[in-house]
Structure formats: structure tokens, C-alpha cells
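Inside the fold
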Amino acid sequence: MHDKVAAPSNGNLIPGATGDWEVVIGMEVHAQVNSRAKLFSGAATAFGAEPNAHVSLVDAAMPGMLPVINEECVAQAVRTGLGLKAQINLKSIFDRKNYFYPDLPQGYQISQYKQPIVGEGEIEIEVDGTAKTVGIERLHLEQDAGKSIHDQHPEYSYVDLNRSGVALMEIVSKPDLRSAKEAQAYVTKLRTILRYLGTCDGDMEKGNLRADVNVSVRKPGAPLGTRCEIKNVNSIRFIGQAVDVEARRQIDIIEDGGKIDQETRLFDPGKGETRSMRSKEEAHDYRYFPDPDLLPLEFTEDYVAHLRHDLPELPDEKKARFMAEYGLASYDASVLVAERERADYFQAVAKGRDGKTAANWVINELLGRLNKEGHDIADSPVSADQVGGIVDLIANGTISGKLAKDLFEIVWSEGGDPAEIVETRGMKQVTDTGAIETAVDAVIAANPDKVEQVKAKPSMIGWFVGQVMKASGGKANPQAVNEILKAKLGLE
Amino acid sequence: MTDLTKLTLVEARDGLAKKSFSARDLTSAHIAAIERANASINAFVLETPDRALAAADAADRNIAKGTARPLEGLPLGIKDLFCTEGVRTTACSRILDDFKPTYESTVTRNLWDAGAVMLGKLNNDEFAMGSSNETSAFGPVVNPWRRRGSDAKLVPGGSSGGSSAAVAAGLCLAATATDTGGSIRQPAALTGTVGIKPTYGRCSRWGIVAFASSLDQAGPITKTVEDAALMLSVMASHDPKDTTSVDQPVPDYAALMRQGVKGLRVGVPKEYRVDGMSKEIDTLWQTGIDWLKAAGATIKEITLPHTKYALPAYYIVAPAEASSNLARYDGVRYGLRVPGKDLIDTYENTRAAGFGKEVKRRVLIGTYVLSAGYYDAYYLKAQKVRTLIKRDFDRAWNDVDVVLTPTTPSPAFAFGEKSGDPLAMYLEDIFTVTVNMAGLPGISVPAGLSAEGTPLGLQLIGKPFDEGTLFRAAKAIEDAAGRFTPADAWWLT
């Protein structure tokens, strides 16, 4: 473990019988590399195929088969390292991690042990408005194992090797996290970065992103406590729950006079508890050694520079730019950059329009509605052009904000060009002062008592505006109505 | 008609070209020889006569059309470590059982693409672990050579004992072999044949059952130096499927071979004069020096100071890699499975029944030296020794072009003579392992007979990818020493 750890953040302490405790968390995230082929074979990586449909001779570890590195996976790891502002190692080594299991055909996993492809980096996270930098220890490339299936036969297990040999990036954080919320924010942000980079789809349901969570507790300022590793937690929600229950378990043991055994544990979301999987004594001796079938992985500074040049704008930079360029508030900018598609959508709406109005419409109307219906922005029924069209109609006074919401509903459910809908359905605002004057005169004439009252209490003009708007079927320009009313009633 | 099994590979090629005989004649003669001899020699563990005759007929058609390829119609034996598509491949281990690969190794693919004919699969020490061919699951191979006046069975060397015996006995024109610590050169020396282990990376390892990946190399065992040049020129290739194979042009070895050794600088390393080396080996070595000098080479004593550490370091590196390479033989996907009450039990039963004693010994040694707490003291230190051995040679190449040493410390020994004593057996590799540790090319060429009338070999070691110079020097020795064949073809009677 590390001697240098970040200072405790305020408000994260957990109360115990003997005083406050601090939880210390480090994460090992396994992210499946986005690539068509596996790390060391040409077999496909597509999810959901029939068992053993994507298995090459190499994946099945047939005699005499040799691994050949997939260069696309290397590029993806370097891109990820760059996205984590990390040191890129121009030379790295693949090692064999030896153990026996039926879903590990070679009897060893090819991984990187002492010399990983990516070294130290960092991730900015934000929890409750407070920013924090979390250190990245390393990122290395390794092969995934296959899958053992135990529920198909009373006596035998089946093995599916489709996943065997698929490239994973193991991304290891420093023990810099101090609460369940920080752990969740870290994985969320890491996933956002990976998705921006296109190096991992971050789909936790398919197991394409999974986290091992290392948890220990200590009194604030005390040396690090003994840690337990909670294996393979597969949702952001479960990560938060696992940290909380594990921290509480450890505090209770220590406060009862016990001590924590270093071990690997499993989180059971159903029971809301962690369970021992294997103790330190039962841990494998993996007999790591450099894989003699593979030469050291080496590339040039130029290669890295080339990948750096083609890197997309990342969420932190994008957020800063949105705030500077569109005058957005920090929170709104954060919401918009949380997904690359969302940010792209917003930018399409904001192009040539007022950024704040565009942000309001994307966040409040569009995202609100998508969220309610459980849609992704990628399959939004309303396009950025359509939202832009609605914003334009408000800006040039063709429709009111209230009508715009009705218009959004129509576009959402029926589609079509907003301007055309306004035209054909007579939704245009009436700005013709003659027509408005006639309506105003009618309302004044019909309500002499109210005319008396408004003179004493000018804020009652709202009632007159409402009457005129009602009479115009909502199409009168409210600002024009307001001005004409004021003049005719002799206010100001 | 002459006995076609007595021809060299090059003589047979030329005879086919001149239409002195057909490829079918040539293959049939070898099939007949195998039929008569294999019961006593046990060189072939699988014979493929039908396939061989079909290939020979195809070769005859190509020769008739004038489209003969470099090895058109020439019948070969293939060490059972090479995966051959649809043909049982076992590495002579019970654990592979009746395994039939669905793929062809790159080296054998190169041979078939050049028109060669496969007679069958050749015996070897189990997983190439051994120096006498006594660890094979198919039983030992008998050396065609006997001590003068004795019927005692001698070993043909190992691990490529099937290859060396088959070539020496005229059961195939040439054979493929592999060499991890001496498995081509030592059996060649013990049978009066020529064997070359090329530079690491010269031949693709794809489709060859792995023993120790950083040391394994394929090469041929042949009757003459020129045959070896012809075989290697076809076997060698850069292969994208083996990232340790090297993209280097394969020169015309036969042409290089004919250049002679005038002006060649030959190094003689003093560290190879080991304790207990027999007088006759020492004499043979001196004779080799004299031959090369007479042919115009200059001789220089050199020093390779880390030589004595090579063998112990080899017996750490090779078993370490083997322990991991052999983990895939677990009874789950192919080969032998001996069911047990649960998974661990099945693993244990399968591997206990499937692996022989020597393989188990090396898996245990390898597992031990890679274990936590021992890795630095053994494996890491052995890798450092390896770097020092390489550096010894790098320094030597400033002064010399090729190094001359004996191939083995002694001639062919009797069955059982060393198999009970692993250390005595491991010493068989004392002159050959340095070459693997440094990744260099080495060739063994027959140079004389022992007092008992059995063959002895000299080894030439070259710079990386300078096999051409090895063929030049080996040819000079061959020209001076002549060829060696057993006086009495007892296995055919």
C-alpha cells in the first residue's frame, strides 16, 4: 500500500461507538477494450453469440498456438492512458499469470505485471460541488477468461470461451477515495472518459466494465488499516452499497475488539452484505514471469503523439469551454458533458443560438422528457435541429415560452418541422397591435369594477393580461398585451 | 536400380530431375524400408504410406510438367512435435492421446508447399525432454549404430532420436527436428548425421508443440551438409503468426556452402575443455582444428567465461517455461482425460496418468523456481546468466567468425546407462545449451568414430542469422572427414 494518501475530505467520516472513522477506498476497474478482435487472436469480440462461436485455435490453447498482439488494443490502451493524463510507457512487458481453471485454456492469463503500458495519471471528480483529484496508479492490458456455466447439468459444468482472450484494461486507482459517493463518482467519471475516448463502451450490465473495490477503515490521521477486496461489483449503485456495508462491517469488528483479515470478499446485493470468498492464505501463487512467446511491447514517442493529436475533447475540457463559450453555470455544463452524445446534441442546438436558452431546453425539456420515458439521447424522437427550431421561434417572438412547450409535445409525439407546425396549426403569436387593442378594449369595457381596482393596485394588471390572452386563444404576444393594457389603463 | 534409400536428399532430387527414377519409386523404397526396419529401430510412431504415395504421384505429375518445386517428391520424416493437419500428433506423450490437429505447422506447411512427401511421424523424447529418446510414451528408439563386436542397443540421442535414427538408417531422406538445449545436434552427433539448429527466430514455432518457448527452434537432420542447407532454406521463413520469428531474407545456403573457408577466423573456446572429457573427443576436436586450418581458415583461442553457468541456468529457464507451457494439457478440451470425483481430482488424475516421469520432474522444477520467494534467486538469476552468455559471444565475434567445439562429451551410450541418473543425462547437453541460451545457430557435423566404432560430431557455432558461414565450415569438415554410415544394415535383415 501507499504511505502517501490524500487528506480526509470533510463530512465523510462515519460515526462509531469509539468515535469517527474514515473509510479508505482504492479501485481496480476492468474495462473491456472496444475492438473487433481479441487481444492476441483474430477471433471476434461481439457479445451475445452462441457459446464457443468466437473461439480461435489460440483462444482454445491448442498445442503449438502462439499469441500475436492486436495493435488496435494497444492503441486503445494508449488513448485511455492519455485520457487519464497518465505516463505512457514506450516499453512494456507481457507476463504470464499461472493458475488452473477450466475457463482459462492456456493455464495462464497473459497480463502485465511489473512493467505496464500506462503508469501514473489522475481523474478529477466532483462530489456535492467539491472537486477532488484521484490518483491513477497504473493501467495494464490483459486477457479476459472464458465463462464457466454451472446450471446446465446435474454433474458437469460447461465452458464458454467466447470471452476467453478478449482484451481488458485493468485501471488501478490510488487509495484516494474517502466515501461511497466518491467511489461512485470515480467510476462514473472514469466511464465517461472511456466512452468519450471510445476505448470501452462502459456497459456494466454486460460485464464490460466491472470494479474490484478495496476497502479499509481507520481513525482519521491513523496509518492505513487492513483492506478487503470486494470482487466484481457490477453497478454504480452496488459500488456505493458495497462500500457502506463493508466499512460498517469492519468498524463493528474493530470496535468489538477484533481485527480485520486481509481477504477477498463478494458483495451480495440481495442480502446487502459482503461475504468472504478466500483468505490471504488461500490466495494463489501466480508464478508470474515474462511471456516468452511475446517480445516486449515497444512503440515510439511519435506513435503516442499521433494518438494524442487525434484524441477527442474530453469532459473536463469540454465543460470549461461550455462555461466560457456559452456562459453556462458549472452544474449545467457538468450535466451536458456527462455523455459525449449529450454534449454533441447541445452543441448542435446552441450553434448560432443563445447558449443558455439552448442549455435550458436540452436539460429541462429534452433530458427531462427522455429520462421520464427511459430513452437515451441517441434514440431521442426529437432531433437537435427540431429543438433548435423551437428555440428560434421563441427568440424571434413567433411563439411564447408556454406555446413552445406545447409545440415540443407535438414534435415529440408526431415529429415534423416546428416552424411548419406553428404555421399550419395557427399557433403564431398575435403581434398585430390593432387586433390586440380591440381585445383589450373589449375586456376594459366589460369590467369597469376591475378597472377601478387596478388603478389602486397596479399588479392586478396580470388579471387583465390573462383575460386578453384567453380571448386571443393564447396567441397574443404577452409583451404587446402588457404594453397596450398599461397605456389604455393609464398605468405608469 | 540402386538402393534409393541410400541416396542423399540432393542426389535424390537430381535423380528425379533426370528421371532416373520416379517419386513413387523413391517413396515406395522408403516405405518398404520402414516396414522392414521399424520394429527394431522404432523411429516412426505413425506411418502415413497412403498419403505419401498420393503425394509422390502428384510430385511425378509436377516433374513431368516441368513444374517441380525445390523438394518435389522427396520423402521426409516429421518429428511428432510438429502439428500435422488431420494426422495424429502427440509429442510422444500419453496426455495428447489421439490428438489430431486441424492445422499444419508453418515449418511443415513450407515443406509441403515445396513438394516434399511425408512418410510419417517420428519418435522423440516426451515433449522433447530428454537426451536419449528413452522418455517417449512410444518406447525408446534404437540407434542404427552398434559398438564394434556388440549387439547392445545404443541410444540415438534425444530428443530428436526418431529423426536421427531414421535418417541414419535410411528410412527417410531427411527429417525435421527441434532443438531446445541440443535436441538436434546431440542426436545427429550420436548417429553420424548432420543437424543444424538455426538462429532463434529463423524458423516459425507456430504449430510446434512448445517445450521452452524462448529456446525452441526447428531445424533439419540430414545425411550431408548440403542436404541440411537445402532443408533449412525451405523450413525457414518469417511468420506473422510467430512474433518471435524474424523478418530476415533466407540466403542461398547451398551457394554460400561452396565458398570454402579460406580466411575464415575460427574460434576455439578454452572453457569447453571440461573435466572428464574423453581423450578421443579431445583428439577429434584437434583434428577438426587441423582440417579447417588446412582448408585455409585461421584458428584463434577465445574465452567464453560464463560457459560453466550455462547448463545450470538452462535447467532453470527451460523447466520454468515448460511448467507453464504444459499447463494447457488439463484434460478439459482435448487429449487424455482421466475423470475424478471433482475438478481438481480430474486435473490430478489426468496429469498423473498423462505425463511421464521426466516431464513431471521438469514441471515440478519449473513450478518451484517460479514460486514466490524463489523467483529472484532462480529464474531472474538464470536470465542474468543468459545475458552474460550472450555477451561472451558478442565479444568473441569481434575476433572470430565461427566457433568450433565438440558436440557431445561422449559417443552414443547404452539403453539405461544414464536414464536412472538425471544429472548424468543433463550433462549430455553441456556443449550445446549455451547456443540455445544465446539464441545462436549451431550445427553438428560427423567428424569421426570413437574407439568403439560409433560416430562422433563436431559443433560449429555462428553469429545470429549467419547460418551460411556454418554451412561453409561444416562442409570443410565433411570434405575432410568423409561420410559415416553404419557398416552393417542389421535392421533390414
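Procedures and definitions
- Residues numbered from 1 in each chain as written.
- Chains lettered and ligands numbered in written order.
- Predicted model: local features only at pLDDT ≥ 70, side-chain atom pairs only at ≥ 80, totals over all residues.
- Heavy atoms only, no water.
- Axes fitted to C-alpha atoms, helices over the stretch in contact; angles between N-to-C directions.
- Helix = DSSP H or I, 4+ residues; strand = E, 2+ residues; numbered from the N terminus.
- Parallel < 35°, antiparallel > 145°, perpendicular 65-115°, else oblique.
- Left-handed = near helix turned anticlockwise from the far one by under 90°.
- Contact = heavy atoms within 4.5 Å.
- Nonpolar A, V, L, I, M, F, W, Y, C, P; charged D, E, K, R; others polar.
- Patch = residues over 30% accessible without salt bridge, like charges linked within 9 Å, V, L, I, M, F, W, Y side chains within 5 Å.
- Areas by Shrake-Rupley, 256 points an atom, 1.4 Å probe, with all protein chains shown as cover.
- Salt bridge = Lys/Arg side-chain N within 4 Å of Asp/Glu carboxyl O.
- Lys, Arg positive; Asp, Glu negative; His and termini not counted.
- Charge placed at Lys NZ, Arg CZ, Asp CG, Glu CD.
- Core = buried A, V, L, I, M, F, W, Y, C linked by side-chain atoms within 4.5 Å.
- Buried < 20%, exposed > 50% of the residue type's maximum accessible area, 1.4 Å probe, protein only.
- Polar contact = N/O pair within 3.5 Å; in protein donor to acceptor, adjacent residues only side chain to side chain.
- Arc of directions from axis to C-beta.

A few points about the packing of helix α12 (residues 433–446) of chain A against helix α14 (residues 461–471) of chain A
All names here are of chain A. One can describe the packing of α12 onto α14 by two numbers: an axis separation of 9 Å at closest approach and a directional angle of 120 degrees. Here α12 is positioned oblique relative to α14, judged by the angle of their axes. Between α12 and α14 lies a crossing of right-handed hand. On α14, the residues touching A439, V440 and V443 of α12 are F464, Q467 and V468. Broken down by class, the residue content of the contact of α12 with α14 amounts to 5 nonpolar, 1 polar and no charged.

Describing a negative patch on the surface
Judged by side-chain charge, E341, D344, D376 and D379 of chain A come together as a negatively charged surface patch. As for its placement among the helices and strands, E341 of chain A is situated in helix α7 (residues 340–350).

A short note on the nonpolar core
A general feature of soluble globular proteins is that nonpolar side chains tend to end up buried together. Ranked by size, the top nonpolar core spans 136 residues in total, and within it L71, L111, F127, L460 and F471 of chain B carry the most contacts. The dominant element in this core, judged by the number of residues it contributes, is helix α10 (residues 307–325) of chain B, at 10 residues. Non-local contacts of L71 of chain B, meaning those with residues more than four positions away in its chain, are made with L9, L111, A114, G115, A116, L230, M231 and V234 of chain B. In this structure, V33, I236, L294 and A350 of chain A belong to the second largest nonpolar core, which totals 107 residues.

Topic: the environment of N70 of chain A
Residue and element names in this part refer to chain A. Relative to the helices and strands, N70 resides in the loop between β2 (19–32) and α1 (71–83). In this structure, the C-alpha to C-alpha distance between N70 and I260, residues 190 residues apart in sequence, is 42 Å. Setting aside its immediate chain neighbours within four residues, N70 contacts S35, A37, K38 and L39. Separated by 3.1 Å, the side chain of N70 and the backbone oxygen of K38 make a polar contact.

Some words on α14 of chain A
Residue and element names in this part refer to chain A. Looking at α14, one finds that the buried residues are I461, F464, V465, V468 and M469. Viewed along the axis of α14, the buried residues span an arc of 135 degrees, placing them on a single side of the element. Set apart from the buried face of α14 by more than 90 degrees, the exposed residues are K470 and A471. Once α14 ends, the next one or two residues include G473, with phi positive near 70 degrees.

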